[in-house]
Amino acid sequence: MDTLAKKVIGETSADSWKCCKSNSIKVKHVYKARIACHEKSMFSPKVEAWSHIQFEFNFGVDNENNFLTLHIVGKLTREECKEVGFTFKIMALDSNKKMVTLMHNAYMCRMSTTENVLPQYVGKNQSIPLDTFLCKFDHNGFAYFYIEISILLGDVYETHMPAPSTTNIEIQEELTNDLLLALHTGEYSDVTLVAGGDEIKAHKVILSMRSDVFAAMFRHSSMVESATSRVEIKDFDANVMREMLNFMYTGKVGSTLDWPLAFNLYAAADKYNLKKLKAECEIYLMSDIGIETAVKTLITADQHSDGELKLQAMKFIKDNIESIVNTESWKLLALEHSHLMVEFMSLLNF
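Predicted model, so just to flag it, every value in this text is computed and none were measured. (Residues numbered from 1 in each chain as written. Predicted model: local features only at pLDDT ≥ 70, side-chain atom pairs only at ≥ 80, totals over all residues. Heavy atoms only, no water.)

1. What to know about the confidence of the model for the protein chain
Which entries qualify depends on this criterion: Confidence scores labelled pLDDT are given residue by residue by the predictor and lie between 0 and 100. Should any heavy atoms of two residues lie within 4.5 Å, those residues are considered in contact.
Scored by pLDDT, the protein chain comes out at a mean of 77, with 76% of its residues at no less than 70. Scored below 50 in pLDDT, residues 115-125 shows 26 contacts in the model against residues more than four places distant or in partner chains. Here residues 155-166 is modelled with pLDDT under 50, and outside its nearest four sequence neighbours on either side it reaches 25 contacts, counting other chains as well.

Structural data, given as structure tokens:
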């Protein structure tokens, strides 16, 4: 079974951890599992200073007792002078293409120099009725998991990261609604995005905080966007830009994704370096490769240097070649992307 993506996406502050003289990082991992099998996937941070920390995601189905289990195992691959702690969350893509949390371990799992192999840490939601899981998360025999691990490196001790209280959740929702209202009304806006003839009012501080691409535009007075407070968008239409802005203001995709929207949002997220949005769109595109979309997915994955999405598209094309060779997109591939045709022929001969 292939791992679809192994990414380190950003860093997270250590403020919410009870620790001293430490730093932290967040690891995000996407995995496609065949539901009928027992699967495991190894991954680790793509940063040298953290490379001695490995994780193993385990997914198992017990057909006799009609349930499945999920758990994470953490390991130290060499002795270090520092202790390591982590919390984790496991999500899955449901039938509506939304990420749903299956398991959230808020207690810190601790590894030290005297414990080279960490025992399994299984959260309280490790067992899920198989019928329930199949009804919500089955994608033609596969499940798509999104694993997020927050790691603390330093002098740590076992602690608890409590879930937000109801009051905190209400405050977060109110803040999100206020930001969304500011976007929709354009109140106090100080920049205009122009896409497809439509003008969309926005706020430089929000765009700059969420995207280093926008931050660079507005930081330098020599940039035309900084001087005019207008950003001309020529490669995406207004609908795509509104959805991207909705995500930047709220952290959520406002509409139910379909293939055309996910395809264009994926490209927009890559252009403006919105890693979480790109990951969400990537998961959708991986789960929805079809006869008419496979070649387009392959081309865009190549253009955005996404090796895992590219590999999944090639494998789908290989398995469905008799149907795909008759499509217009296949002719386009042969005429305008000959290097991909060469790569694909190599895969056929493998």
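2. A closer look at the sheet that holds strand S10 (residues 191-195)
Note the following rule: Strand pairing requires that DSSP identify at least two bridges connecting the strands. Secondary structure elements are defined from DSSP: runs of H or I of at least 4 residues count as helices, runs of E of at least 2 residues count as strands, and each element is numbered from the N terminus. Helix axes are fitted to C-alpha atoms over the stretch in contact, other axes to C-alpha atoms as well, and angles between N-to-C directions run from 0 to 180 degrees.
Taken in spatial order, the 3 strands line up as S11-S10-S12 in an open sheet, and their pairing is mixed. The sheet is open, and its two borders are formed by strand S11 (198-202) and strand S12 (230-233), each paired with just one other strand. Taking the axes of each pair of neighbouring strands and ignoring which way they run, one obtains an average angle of 25° across the sheet. Against the sheet, helix H6 (residues 238-250) touches S10, S11 and S12, its axis set at about 10° to S11.

3. Focus on the pattern of salt bridges
Which entries qualify depends on this criterion: Just to be clear on terms, a salt bridge is a Lys or Arg side-chain nitrogen sitting within 4 Å of an Asp or Glu carboxyl oxygen. Summary of the burial criterion: residues with accessible area below 20% of their type's maximum are buried, those above 50% are exposed, and those between are partly exposed, where the area comes from a 1.4 Å probe applied to protein chains only.
Taken as a whole and judged by the stated rule, the model has 7 salt bridges. Measuring nitrogen to oxygen at the nearest pair gives 2.8 Å for the salt bridge that ties aspartate 270 to lysine 278. Owing to a relative accessible area of 28%, aspartate 270 belongs among the partly exposed residues under this scheme. Relative accessible area serves as the criterion here: at 17%, lysine 278 is assigned to the buried category. Notably, a salt bridge pairs lysine 331 with glutamate 328, separated by 3.4 Å at the nearest N-O pair. Of this pair, lysine 331 and glutamate 328 both sit in helix H12 (residues 328-336), separated by 3 residues, roughly a single helical turn. A residue is classified by how much of its surface remains accessible, and glutamate 328, at 58% relative accessible area, is exposed. A cluster of three or more residues bridged by salt bridges with shared partners is formed by Asp302, Lys310 and Glu343.

4. Describing the pairing of S10
Along S10, 5 of the 5 residues are buried, which leaves the element largely enclosed by surrounding structure. Neither face of S10 is exposed, since Val191, Leu193 and Ala195 on one face and Thr192 and Val194 on the opposite face are all buried. As paired elements, S10 and S11 share 5 bridges and run antiparallel to each other. Bridged to alanine 195 within S11 is aspartate 198. Turn length for the S10-S11 hairpin, with the two strands adjacent in sequence and antiparallel, is 2 residues, and the turn residue glycine 196 shows positive phi of about 60°.

5. Comments concerning the nonpolar core
Heads up, the rule is: Each nonpolar core is a collection of buried residues, namely Ala, Val, Leu, Ile, Met, Phe, Trp, Tyr and Cys, held together in the definition by side-chain atoms within 4.5 Å.
In this structure, Leu193, Leu207, Phe214, Met241, Met244 and Leu277 are the most contacted members of the largest nonpolar core, which totals 50 residues. Looking at which element gives the most residues to this core, the answer is helix H7 (residues 259-271), with 9 residues. Excluding residues that lie within four positions of it along the chain, phenylalanine 214 makes contacts with Leu193, Leu207, Ser208, Val231, Met244, Met248 and Tyr272. Formed by 30 residues, the second largest nonpolar core is a distinct cluster that contains Ile53, Phe88, Phe133 and Ile149.

6. Comments concerning the sheet that holds strand S5 (residues 67-76)
Read from one edge to the other, the open sheet built from 4 strands follows the order S3-S4-S5-S8, with strand pairing classed as antiparallel. In this open sheet, the two strands that pair with only one neighbour each are strand S3 (39-43) and strand S8 (127-129). Adjacent strand axes in the sheet meet at a mean angle of 15° when their direction is disregarded. Relative to S8, S5 runs antiparallel, the two being bridged by 3 bridges. If you follow threonine 69 over to S8, its bridge partner there is serine 127. Docked against the sheet, helix H1 (residues 130-137) engages strand S4 (53-62), S5 and S8, running at close to 75° with respect to S8.

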